[in-house]
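Coordinate analysis (summary)
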Amino acid sequence: MRLPRQRSRESASVYVAAALCLSILLFAMPALAQSTGKIVGRVTDAETGSPLAYTNVSILGQPYGAMTNNTGQFTIENVAVGTYIVQASFMGYDTMQVTDVVVEPDRSTEVAFALQPIVIQGQEVLVEAERPMIETEDTVTRRGMDQEEARIRPINTVAEAIATQPGVVLHDGEIHVRGGRSSEVKMYVDGIAISNSATGGASLEVSLSSLSEFDLLSGGFDAEYGNVQSGVINLSTREGGREFSGEIRYMTDDYGAPEKTFDNFDNMAFGFGGPLFTEDIRYYVSGEGRFSDTYLKTDEERETSELTKGVQWTDRQNMFASGQAKMSFFVTPTQKLTAEYLISQNVRDYYSHSYSRSGYWSQDSEDWSHVALDTTYQYYNASEHTPEVWNQFNQKKIVWRDTVSPQMFYTVKLAQFSSEERFWLYEDPDDYWWQAYVGGSRTTDPDSDNDLNPETGYFRTWGDHLGWSQQVTTATTAKADLTNQIGDTHQFKTGFEFIYNEIDVKTLSLASLIPSASDTLAADGESLNPDFDFFDWDRALYTDEVYRHNIYQGFPANGALYVQDRMRYEGMIVRAGLRLDFADPGPASGIGEHQIWRERMDAVLSPRLGIAHPISDRDALHFHYGRFYQMPHLTAYYEAGEDIDNASAGSVIGYSGLEPEVTVSYQFGAEHQFSQNVAMDITGFYKDIFGLLATEEYDRGVTDGVVYTYVNKDYASVQGVEFSLSKRFSNYFSGNATYTWLRATGVSSDEDQGANADALGLPRQPLKEIPLDWDERHTVTGFLFVSDPGNWEVTFDYNYGSGTPYTPTYLGQKEIDPEDVNSGRLPSHTMVNLRGTKKYKLYGREFRLFFEALNVFDKKNVTGLGNYGSEYYTETGNLGGAYLETDPNGVEVLEPLNDPSVYIEGRVIRVGIAIDW
């Protein structure tokens, strides 16, 4: 059931006023859109090296151009992202064209012309452009990877690519940038946010086959970026070119027999596009499928279907598919309309080591065994009783771009991002195996058949995992930008966006519905009363049971407007900006009779200042100060319906009065280009973060049971240094090496620590800042690419991390000393990956055979501790988790579990084939 959308007159008036203010500001102040770059370069005489002043430089087929100055230099500003041919012409010299000039968002592309004096009238010279190795006018820390680098490296997802960048720590499967929480990272596709509006995290997994490049902005954001504190991931999707081109790729680790495989892995990807009937209309279509049984093996039998006669398909443990369709229409040389649809879906089995065994159990004798001892024993495969994780995301967008003049243009973007995330074994809660939880037991020792113990057991002997949740969100975005370049000194930017969100969350506490009397159920687990439902939606939605679960809807809205000026002076570039973010949690409701309407508008002003000092065309210094705000994730406003009086004990209740979280950031860096192909940069940064989400006890007065609510209470600080050394391809090799020193401390790593402190034995509020869970002090990443162009290539990838903190504890310990929290360190991790390719020509097309080896040295890199893992590691120094057992003397001891999920996957070798055209 969904509530009708409702708005108060006051709320509507606020939105109308905000829209009017945005419109007035938009048309009153010119600006620069995000999806543009610039082309810079120099024109010289090829024989003497002298600069050629007043040379005409133009972009073929576009209304862009420039004339060189007295030193032969030129700049073409505000060029739309794309691939172009740039031409230089000067009387008495051959015309020269540079092909494949790739313009990327907010970056410079360098083009050098060396014109030859005329020998044959009309002769043209063709060369290829290269990107500058350093950006002397930038104050933002930008790390990126284009499609060519992604192709040559052993990287298959955007998350894997991001994890190779300096300042990034991958912890528990979540991305942390420069010491911030994972929710402080936002993802954009072509300038439109695709983050989950309920949780705040990045959601849509876009296939690498759909991308032309990606950028990670880890510091120094301009005012056009807001509602983000730590990192911005910018994805740029591919579009069709002037000629038909594409690729098909297949990779597998299946070597011809069921036992000759690592994970039963298959990866298929394709992408193609070009002109459609005319060069004015272009398209690009891509897709990818990844299917694997993963290294976390179970005995679960999966569904098999027949695709065609004699061809069958069996589901895998983890299945991912994505698709992209993009159409570009050049209405005129200065007007462009783009429409795109992106979709991704991931379905995977939830792995829990306690649900990884199979055997036989007997309700009559209350016994579990590896074999059926008599007819009362029923087969039980625990892995078939865990929920399925099902996620689907899609984005639809339309972009209009109009170049009013060579100095001015505007863009308008309309988009909708939708997500649905499910976690359940059965859609209908009544289909769960309730009987298992009337006196149910677990088994401890994996080598014993008669050791049932409901208090200390670990492995499940019967019953279903009772997880059930569904989250549906939609974000509709309207965004516009306008551009004007005023002379050579000022470049103004302004823009606005408005986002309307819809959130529908259902998280059921099925364990709270377990019948208390065993006579409620028959021996087979069915109800003695066929008309009785253990879970009833009407009862859950229209009574106080809504607060026992977590069921709510929300209709929040947020938006922003910004203005920024880039001032270019001799020897200095100043980038100053101001951003206004506003948000309204909007109406919310626990379902049915319990409707709680919250109308509260928040607005914050965020200043930004960056200074770049180009010492030469090969040396630059830069500084940036910024005050960044981010609204808490929206579940913190609506959690558990916000009704404190009716909420069950232990609940965490949303609070509509939450304030934005705040980060004050400083960074200073230097760049130096040693030669045409070698450059380095070093950046130091410091961040103060306060107003972070936390939970604390709420006094309900006479109402029984403790509940908790969200507050802006936590704080943290981060210091760090990033170093990068890069070599562009020449002399048969290229490469990159990075080092990061990072110190991330705070009062809490988990916003729910206050609510969970008593159960975990942790202090509710530490007395001082402690290392955060993702505080990895030293990381080293890099790659080495060696190639004989057109023949073969090999890439080595390296990643090292010094280890993250953990809290040492001992068996039987009731409370943890605040001084011990995160005082220990997990072992360091090292990963070496390898990709090799052999190239052939087949009917004029490039044909590639390749292999990929991951974790070449088969290192057991730890990702967590597991059950009783902290006690087990602290007392024995061993990893893999443990379970509690009682020895013959009645003393509790820890026995190893060898849980594979606490490690990353071991060595994997895959082979593949690809065709490009």
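Residues numbered from 1 in each chain as written. Predicted model: local features only at pLDDT ≥ 70, side-chain atom pairs only at ≥ 80, totals over all residues. Heavy atoms only, no water.

Summed over the entire model, instances satisfying the criterion amount to 44 salt bridges. Ionic pairing is found between R153 and D797, a salt bridge with its closest N-O pair at 2.9 Å. On the criterion of sequence distance, the pair formed by R153 in the loop between α2 (147–152) and α3 (158–163) and D797 in strand β45 (residues 792–801) is long-range, its members being 644 residues apart. Residue classification places R153 among the buried residues on the basis of a relative accessible area of 5%. (Salt bridge = Lys/Arg side-chain N within 4 Å of Asp/Glu carboxyl O. Helix = DSSP H or I, 4+ residues; strand = E, 2+ residues; numbered from the N terminus. Buried < 20%, exposed > 50% of the residue type's maximum accessible area, 1.4 Å probe, protein only.)

One open sheet accounts for 3 strands, arranged β4-β1-β7; its pairing is mixed. In the strand order of this sheet, the two ends are held by β4 (73–80) and β7 (108–115), each with one partner. On average, adjacent strands in this sheet sit at an angle of 20° to one another, irrespective of strand direction. In terms of strand pairing, strand β1 (residues 36–45) meets β4 through 6 bridges, oriented antiparallel. Each bridged residue has a counterpart across the sheet, and for V40 the counterpart in β4 is T75. (Pairing = 2+ DSSP bridges. Axes fitted to C-alpha atoms, helices over the stretch in contact; angles between N-to-C directions.)

Moving on, we come to a nonpolar patch on the surface. Together, Y250, M268, Y840, L849 and I913 line one region of the surface with nonpolar side chains, adding up to about 410 Å² of accessible area. Mapped onto the elements of the fold, M268 is located in strand β17 (residues 261–276). (Patch = residues over 30% accessible without salt bridge, like charges linked within 9 Å, V, L, I, M, F, W, Y side chains within 5 Å. Areas by Shrake-Rupley, 256 points an atom, 1.4 Å probe, with all protein chains shown as cover.)

Okay, helix α8 (residues 869–876) next. Within α8, 6 of the 8 residues are buried, leaving the element largely enclosed by the surrounding structure. Residues of α8 that are buried: G869, S870, E871, Y872, Y873 and T874. Remark: G877 follows α8 within two positions and exhibits a positive phi of approximately 80°.

So, on to the pairing of strand β37 (residues 619–630). With 8 bridges joining them, strand β36 (residues 602–616) and β37 adopt antiparallel strand pairing. Considered in β37, the bridge of G610 is made with H624. Counted between consecutive antiparallel strands, the loop separating β36 from β37 contains 2 residues. Relative to strand β39 (residues 661–673), β37 is paired through 12 bridges, and the arrangement is antiparallel. Along β39, the bridge assignment pairs Q630 with E661.

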